Amino acid sequence: MCSKREGCYKEGAKTKSYSVIIKSDIFKEQIKFQESEYFKKRTKERYKIEAKNGALKNRPRYDVASTPGLKGMQLQGAISIFAVNLKRILKILED
């Protein structure tokens, strides 16, 4: 005698099941944050940041570690970011 019988129980089925999605407090907070004006405003600016990250990964090969270890990756990251920023500076000076 389930009140939710319609929709989950099929006549002749060997098993009966019913599922309920339980949203945690963290998930509820995330949904509320995504509906805020701050989030919507920042989302509109995200494509600019992603384009710069994409340029950093594709041209100076920041997506693949050239040396093993965390120190090597940090050094590679610093050099790649420096190179990309230098390229942007030179482009601005040309204009």
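Please refer to the structure placed before this passage.
Everything quoted here is computed from the prediction, not taken from an experiment. (Residues numbered from 1 in each chain as written. Predicted model: local features only at pLDDT ≥ 70, side-chain atom pairs only at ≥ 80, totals over all residues. Heavy atoms only, no water.)

Visitor: Would you mind going over the overall build of the protein in detail, with residue names and values included?
Guide: Looking only at helices and strands, one finds three helices and zero strands in the protein. In the protein, the succession of α and β elements from N to C terminus is α-α-α. Residues counted as buried form 7% of the 95 residues belonging to the protein. Accessible surface, the protein as shown: approximately 9200 Å² in total, 59% of it carbon and sulfur. (Helix = DSSP H or I, 4+ residues; strand = E, 2+ residues; numbered from the N terminus. Buried < 20%, exposed > 50% of the residue type's maximum accessible area, 1.4 Å probe, protein only. Areas by Shrake-Rupley, 256 points an atom, 1.4 Å probe, with all protein chains shown as cover.)

Visitor: Any chance you could break down a nonpolar patch on the surface for me, citing the residues and the numbers?
Guide: A cluster of nonpolar side chains, namely Phe82, Leu86, Ile89, Leu90 and Leu93, defines an oily patch on the protein surface of about 530 Å² accessible area. Checked against the element boundaries, Phe82 lands in helix H3 (residues 70–94). Taking the relative accessible area as the measure of exposure, Phe82 reaches 57% and is therefore exposed. (Patch = residues over 30% accessible without salt bridge, like charges linked within 9 Å, V, L, I, M, F, W, Y side chains within 5 Å. Salt bridge = Lys/Arg side-chain N within 4 Å of Asp/Glu carboxyl O.)

Visitor: Outline H3, listing residues and values.
Guide: With 25 residues, H3 should reach 36 Å at 1.5 Å per residue; the first-to-last C-alpha distance of 36 Å fits that figure. Among all positions in H3, only Gly72, Gln76, Gly77, Ser80 and Val84 are buried. Among the structural elements, helix H2 (37–58) are those in contact with the buried residues of H3. (Expected span 1.5 Å × (residues − 1). Contact = heavy atoms within 4.5 Å.)

Visitor: Which residues make up the pattern of salt bridges, and what are the values?
Guide: If you walk through the whole model with that rule in mind, you get two salt bridges. Between Lys48 and Glu45 there is a salt bridge; the shortest N-O distance is 2.9 Å. Here the residue Lys48 and the residue Glu45 both occupy positions in helix H2, the gap between them amounting to three residues, near one helical turn.

Visitor: An account of the packing of aromatic side chains is needed here, citing residue identities and associated values.
Guide: For the structure shown, the criterion picks out two aromatic pairs. A ring pair is formed by Phe33 and Tyr38, whose centres lie 6.2 Å apart and whose planes are at 50°; its orientation type is tilted. Ring geometry for Phe33 and Phe39: centres 5.4 Å apart, planes at 65°, overall edge-to-face. An aromatic cluster is built from Phe33, Tyr38 and Phe39, whose rings are joined through pairwise contacts. (Phe/Tyr/Trp six-rings, centres within 6.5 Å; stacked < 30°, edge-to-face > 60°.)

Visitor: Can you tell me about H2, naming the residues and giving the values?
Guide: Between its first and last C-alpha, H2 extends 33 Å over 22 residues, near the 32 Å set by a 1.5 Å rise per residue. Along H2, the sharpest change in direction is near 40° and occurs at Glu45. (Bend = angle between axes of the 7 residues up to and from the residue.)

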